[in-house]
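# An overview of the molecular structure
Now for the letters of each chain:
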Amino acid sequence: FPVTIGNARKLMVREMSSTEASSFFEENHISGNRGASIRLGLYDDDDECLMAMSFGKPFRAKTYEWEIVRMASKQGITVIGGASRLFKKFLSMTTGNVMTYADLRFGTGKVYETLGMTFVKKTDPGYFYYGKKGRVSRHQFQKATIKTFCEHYDPKLTEFQNAAQNFYTSLS
């Protein structure tokens, strides 16, 4: 059962290093880490990060200045008011409009409404791969990263063919 931390106001908000955020999201977000220019965490008195949110320039939606790239709490922990606390801190640091995506296979996305965001449209869910390294983001198989990720890479093959050649199966 998840442990609930009742009051996010008692936790300290601070910026996270890229390394710290990467480690946190790899351990606690269903899609792992994705690079971001601003990374915020909520810390307890023992300096343990219990929740984090990261922000960057939107990957696709160019009409927005910012995207919530990742948001996660530590596995088994629920921080009531944590998303609001992190988002308010972000808004105090920046200007511009913000968008995000919610994978509704793993939640309702209602947290974004509590942050004052408006639902715009529903898109099809993304896919990922599963293989010898477990569940892997589809981004690992993009042209920019596939050469370093796959042992056997052939530039003449498609992403799916290279994944299959390296014993990964596409799942959505």
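Residues numbered from 1 in each chain as written. Predicted model: local features only at pLDDT ≥ 70, side-chain atom pairs only at ≥ 80, totals over all residues. Heavy atoms only, no water.

Attention now moves to the side chain of Arg70. Looking at where Arg70 falls in the secondary structure, it is placed in strand β5 (residues 66–73). One buried charged residue, Arg70, remains without a salt bridge, the closest side chain of opposite sign being Glu67 at 6.2 Å. Beyond its immediate chain neighbours, meaning those up to four positions away, Arg70 contacts Phe25, His29, Ser31, Gly32, Asn33, Arg34, Ala52, Met53 and Ser54. (Helix = DSSP H or I, 4+ residues; strand = E, 2+ residues; numbered from the N terminus. Buried < 20%, exposed > 50% of the residue type's maximum accessible area, 1.4 Å probe, protein only. Lys, Arg positive; Asp, Glu negative; His and termini not counted. Salt bridge = Lys/Arg side-chain N within 4 Å of Asp/Glu carboxyl O. Contact = heavy atoms within 4.5 Å.)

Attention now goes to unusual backbone geometry. Of note in the backbone geometry, Asp47 takes a positive phi value of approximately 65° without being a glycine. By the secondary structure assignment, Asp47 is in the loop between β3 (38–43) and β4 (49–56). The exposure class of Asp47 is partly exposed, given its relative accessible area of 44%.

Time to look at the packing of aromatic side chains. Inspection of the entire model under this criterion finds 9 aromatic pairs. A ring pair is formed by Phe24 and Phe25, whose centres lie 5.7 Å apart and whose planes are at 85°; its orientation type is edge-to-face. Of the two residues, Phe24 and Phe25, neither departs from the other in class, the shared state being buried. Ring geometry for Phe141 versus Tyr168: centroids 5.3 Å apart, planes at 65°, classification edge-to-face. Here Phe141 is found in the loop between β9 (134–137) and α4 (143–149), whereas its partner Tyr168 is found in the loop between α5 (159–165) and β10 (169–171), with 27 residues between them in sequence. (Phe/Tyr/Trp six-rings, centres within 6.5 Å; stacked < 30°, edge-to-face > 60°.)

Taken in spatial order, the 5 strands make up an open sheet running β2-β3-β4-β5-β7, and their pairing is mixed. Unpaired on one side and paired on the other, β2 (12–15) and β7 (98–99) mark the two borders of the sheet. The sheet contact formed by β4 and β5 spans 6 bridges and is antiparallel. Note that in β5 the partner of Met51 across the bridge is Ser73. Helix α2 (residues 82–93) rests against β2, β3, β4, β5 and β7 of the sheet, and its axis sits at about 140° to β3. (Pairing = 2+ DSSP bridges. Axes fitted to C-alpha atoms, helices over the stretch in contact; angles between N-to-C directions.)

For the protein chain, per-residue confidence averages 89 on the pLDDT scale, and residues scoring 70 or more make up 98% of the total. Put simply, strand β1 (residues 3–5) is where the protein chain has its lowest mean pLDDT, 75, and β3 is where it has its highest, 98. (pLDDT = per-residue confidence, 0-100.)

Below, the discussion takes up the sheet that holds β9. What the 3 strands build is an open sheet, ordered β9-β8-β10; its pairing is antiparallel. Only two strands of the sheet have a single neighbouring strand rather than two, namely β9 and β10. Adjacent strand axes in the sheet meet at a mean angle of 35° when their direction is disregarded. Both strand β8 (residues 128–131) and β9 contribute to a ladder of 4 bridges, which runs antiparallel.

The next point concerns the pattern of salt bridges. Counted under the stated rule, the structure contains 6 salt bridges. One salt bridge in this structure joins Glu113 and Lys110, with 3.8 Å as the shortest N-O distance. Within this pair, Glu113 and its partner Lys110 are both found in helix α3 (residues 110–114), separated by 3 residues, close to a single helical turn. Owing to a relative accessible area of 47%, Glu113 belongs among the partly exposed residues under this scheme.

Glancing now at empty space enclosed by the protein. On inspection of all chains with the given rule, the structure shows 1 cavity of 30 Å³ or more. Of the volumes computed, that of the largest cavity is approximately 50 Å³. Counted by class, the lining of the largest cavity contains 3 nonpolar, 1 polar and 3 charged residues. (1 Å grid on protein atoms, 1.4 Å probe; cavity = no way out; pocket = protein on both sides within 12 Å on 5 of 7 lines; lining within 4 Å. Points joined across faces, edges and corners; volume = space filled by probe spheres on them. Nonpolar A, V, L, I, M, F, W, Y, C, P; charged D, E, K, R; others polar.)

This next bit is on the nonpolar core. In this structure, Met53, Phe55 and Ile68 are the most contacted members of the largest nonpolar core, which totals 23 residues. Those residues in contact with Phe55 that sit more than four places away from it in its chain are Ala36, Ser37, Ile38, Leu40, Trp66, Glu67, Ile68, Val69, Phe87 and Phe90. (Core = buried A, V, L, I, M, F, W, Y, C linked by side-chain atoms within 4.5 Å.)

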